[in-house]
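Structure at a glance
Spelled out from the first residue to the last, the chains are:
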Amino acid sequence: MILPYPVLFEPEPNCQLCPRLSDFRNKWRSEEPGWFNAPVPSFGNLDAQLLIVGLAPGRRGANRTGRPFTGDFAGDLLYATLQKFDFSRGEYLKSCQDKLTLVNCRITNAVRCVPPQNKPTGPEIANCRDFLFREITAMPNLRCILALGSLSHNAILTALGQKRSNYKFSHAEFYNLTDDLVLADSYHCSRYNTNTRRLSTEMFELVFEKIRNLIKTKPV
Ligand code: URA
């Protein structure tokens, strides 16, 4: 499955694959010209062993700052947890201008553009699938993909040509997709999920404890 390295490409800033998302982007470009307002590129190195897959950029978060999970509520829990488990170095300051680096970890989104109401449609997820596939196949050391939420879980399985019915989404479940690649599931670290107590800090950290056991190599 690993393709010659590197074969990555990101959507172009004016990507037109999804008319609704392109219209939404244009609306925010005129209302908030200082924001990033473009497909948000992945964060972290391609030689990482862990790939975290979120849903889509938050309107006032990644869509504003240009870095996945940066500047919104979901990022507060994610980046604190990455730091706790040594997957990041430097202080997270909710902005791309901080000096934060990821260690053996990369973060991307199933859908690269901000969707209205935070809800991408099926065709939009399908349009972005090729970017996800290339992301995964461009990571030569990939050992674990963490899906944040069932939508990301399904997007990963479909991108990899796996049958969804063989891998039911379940929090803290780990599936061996191949001898070398594990799919880990977590509820999304969204404000909604933490406010409704579907996801607690302890539940999220449990997933990272399991990932740490899988990826034992000390961060460099
Ligand atoms: N920010 C992201 O980049 N992705 C999410 O899934 C949520 C917030």
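Residues numbered from 1 in each chain as written. Predicted model: local features only at pLDDT ≥ 70, side-chain atom pairs only at ≥ 80, totals over all residues. Heavy atoms only, no water.

**A word on the nonpolar core**
Counting residues in each nonpolar core, the largest one holds 30 residues, and the members touching the most others are Leu 50, Ile 52, Leu 82, Phe 208 and Ile 211. Secondary structure elements with two or more residues in this core: strand E2 (50–54), helix H3 (73–84), strand E5 (105–109), strand E6 (144–148), strand E8 (182–186) and helix H7 (201–214). Sequence-distant contacts of Ile 52, defined by excluding residues within four places in its chain, comprise Leu 78, Leu 82, Cys 105, Arg 106, Ile 107, Thr 108, Leu 146, Leu 148 and Phe 208. Listed in part, the 29 residues of the second largest apolar core include Cys 18, Val 111, Leu 132 and Ile 156. (Core = buried A, V, L, I, M, F, W, Y, C linked by side-chain atoms within 4.5 Å. Buried < 20%, exposed > 50% of the residue type's maximum accessible area, 1.4 Å probe, protein only. Helix = DSSP H or I, 4+ residues; strand = E, 2+ residues; numbered from the N terminus. Contact = heavy atoms within 4.5 Å.)

**Looking at the site of the ligand**
Lining the immediate surroundings of the ligand are Gly 54, Leu 55, Ala 56, Pro 57, Gly 58, Ala 62, Pro 68, Phe 69, Asp 72, Asn 109 and His 188. Asn 109 places a side-chain nitrogen or oxygen 2.8 Å from a nitrogen atom of the ligand. His 188 places a polar side-chain atom, nitrogen or oxygen, 2.8 Å from an oxygen atom of the ligand. With the chains in place, 94% of the 230 Å² that the ligand exposes on its own is no longer accessible. Assessed atom by atom at 2 Å from the grid points, the ligand resides in the largest pocket. A per-class count over the shell around the ligand returns 6 nonpolar, 4 polar and 1 charged. (Near = heavy atom within 4 Å. Polar contact = N/O pair within 3.5 Å; in protein donor to acceptor, adjacent residues only side chain to side chain. Areas by Shrake-Rupley, 256 points an atom, 1.4 Å probe, with all protein chains shown as cover. 1 Å grid on protein atoms, 1.4 Å probe; cavity = no way out; pocket = protein on both sides within 12 Å on 5 of 7 lines; lining within 4 Å. Sits in = over half its atoms within 2 Å of the grid points. Nonpolar A, V, L, I, M, F, W, Y, C, P; charged D, E, K, R; others polar.)

**Description of the layout of surface pockets**
Counted as a void, the largest pocket has a volume near 870 Å³. What lines the largest pocket is a set of 34 residues, among which Leu 55, Asn 118, His 188, Ser 190 and Tyr 192 lie closest to the centre. Grouping the constituent residues of the lining of the largest pocket by class yields 17 nonpolar, 11 polar and 6 charged. (Points joined across faces, edges and corners; volume = space filled by probe spheres on them.)

**What about the side chain of Arg 112?**
Mapped onto the elements of the fold, Arg 112 is located in the loop between E5 and helix H4 (122–137). Among the polar contacts made by the side chain of Arg 112, one reaches the side chain of Glu 10 at a distance of 2.5 Å. Side-chain polar atoms of Arg 112 contact the backbone oxygen of Asn 109, separated by 3.5 Å. Look past the residues within four positions of Arg 112 in its chain and what remains in contact with it is Glu 10, Pro 11, Ala 38, Pro 39, Val 40, Ser 42, Pro 57, Cys 128, Phe 131, Leu 132 and Glu 135.

**Thoughts on the sheet that holds E8**
Taken in spatial order, the 6 strands make up an open sheet running E1-E5-E2-E6-E8-E7, and their pairing is mixed. In this open sheet, the two strands that pair with only one neighbour each are strand E1 (43–44) and strand E7 (174–176). Sheet analysis places E1 next to E5, joined by 2 bridges and oriented antiparallel. The residue of E5 that forms the bridge with Phe 43 is Ile 107. On top of the sheet, H3 reaches E1, E2 and E5; it is set at about 165 degrees to E5, its chief contact. The strands touched by helix H5 (residues 150–159) are E2, E6, E7 and E8; relative to E6, the strand with the most contacts, the crossing angle is about 140 degrees. (Pairing = 2+ DSSP bridges. Axes fitted to C-alpha atoms, helices over the stretch in contact; angles between N-to-C directions.)

**Concerning the pattern of salt bridges**
If you walk through the whole model with that rule in mind, you get 9 salt bridges. Of the charged contacts in the structure, one is a salt bridge between Glu 205 and Lys 84, with a shortest N-O distance of 3.1 Å. In this pair, Glu 205 is assigned in helix H7 and Lys 84 in helix H3, connecting sequence segments 121 residues apart. With relative accessibility at 16%, the residue Glu 205 sits in the buried group. On the basis of relative accessible area, Lys 84 is assigned to the exposed category, the value being 52%. Residues Arg 112 and Glu 135 are paired through a salt bridge, measuring 2.8 Å at the closest nitrogen-oxygen approach. (Salt bridge = Lys/Arg side-chain N within 4 Å of Asp/Glu carboxyl O.)

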